[in-house]
Amino acid sequence: MNSSVGKVYLVGAGPGNPDLLTIRAVKLLRKADIVLYDDLVSAGVLKYCKKSAVLEYVGKRIGQHSCPQTEINRKLGEYAKQYSNIVRLKGGDPSIYGRAGEEIEYLASLGIDCEILAGVTTASGAASSLGIPLTHREYAREILFLSGHKKTGKNPESFEDLNLEGKTVLVYMGLNSLESIRENLLESGNSGSTPMAFIENATLPNQRLVLANLDTCLDKAEEFQIKTPALLIFGEIVSFYTELQSLKVEGRISDKQLIYSQFS
């Protein structure tokens, strides 16, 4: 690697709540000369940056590409010539639908040193904040992380011939593709009563959970006006959550006995 240029760190900011940052992420933010941050990075996370750091927003959402990936790559390469420590701050984990592969490949082609720092992925943070385990011996023995969107548009192929039995399926960027996802899952033989959940603004104070199933998910999304960022969870593991809530309502267990995180 070229020692005359700076080093780029692709840092996971976690799902939103700053309490979920790793210790190393905080250390890197405190020494970064410039931080290029994504749309889903919360203001609370940015407070860990040193006062002299340059903060540059490079966020993008489906249909609202304020900064194309090619431009982000170019910026990282240019800033490596100007600064010693460059942090590319991404929501969740950089290696899980965070385009880390594209950026590290580009930087490697320029001979720029780059390091990936893992973060708490949105799926894990969102589920645990509500007390939903991603695996359970009676409900889910497999986990699938899928994207509802790909570079060329929607991603129906990932949901074809997908049997949800015994699986927890977590869908990133799936809200805009919900109709095709639902259609493919039903055509794959899954029951319309298969439970699912929307988790909006995961781990943040305005986090919202909406429960549904394959039959009702489109109506529920419209009724509750679900908006991005939202994670979709499919599978019987959602039933485990509802069973726990039923025990709470019946008075058989209390809030203190329910193991889940509350963020404020």
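The shown structure was predicted, so the numbers you read here are calculated from the model rather than taken from an experiment.

Where helix H6 (residues 178–187) is concerned, the buried positions are Leu178, Ser180, Ile181, Asn184 and Leu185. Along the long axis of H6, the arc covered by the buried residues comes to 165 degrees, so they all point the same way. Exposed residues lying more than 90 degrees from the buried face of H6 are Glu179 and Glu187. Positioned one or two residues after H6, glycine 189 has a phi angle of 100 degrees, which is positive.

A word on the sheet that holds strand S10 (residues 195–200). The five strands lie next to each other as S6-S9-S12-S10-S11, forming an open sheet whose pairing is mixed. If you trace the sheet from one side to the other, it starts and ends with strand S6 (142–147) and strand S11 (208–213), each paired once. Taking each pair of neighbouring strands and ignoring which way they run, the sheet shows an average axis angle of 20 degrees. Bridge count for S10 against S11 is six bridges, and the pairing is antiparallel. Paired with proline 195 across the strands is asparagine 213, a residue of S11. Set on the sheet, H6 makes contact with strand S9 (167–172), S10 and strand S12 (230–234); between it and S12 the angle comes to about 10 degrees.

What counts, and where the lines are drawn
- Residues numbered from 1 in each chain as written.
- Predicted model: local features only at pLDDT ≥ 70, side-chain atom pairs only at ≥ 80, totals over all residues.
- Heavy atoms only, no water.
- Buried < 20%, exposed > 50% of the residue type's maximum accessible area, 1.4 Å probe, protein only.
- Helix = DSSP H or I, 4+ residues; strand = E, 2+ residues; numbered from the N terminus.
- Arc of directions from axis to C-beta.
- Pairing = 2+ DSSP bridges.
- Axes fitted to C-alpha atoms, helices over the stretch in contact; angles between N-to-C directions.
- Contact = heavy atoms within 4.5 Å.

These figures come from the coordinates and say nothing about function on their own.
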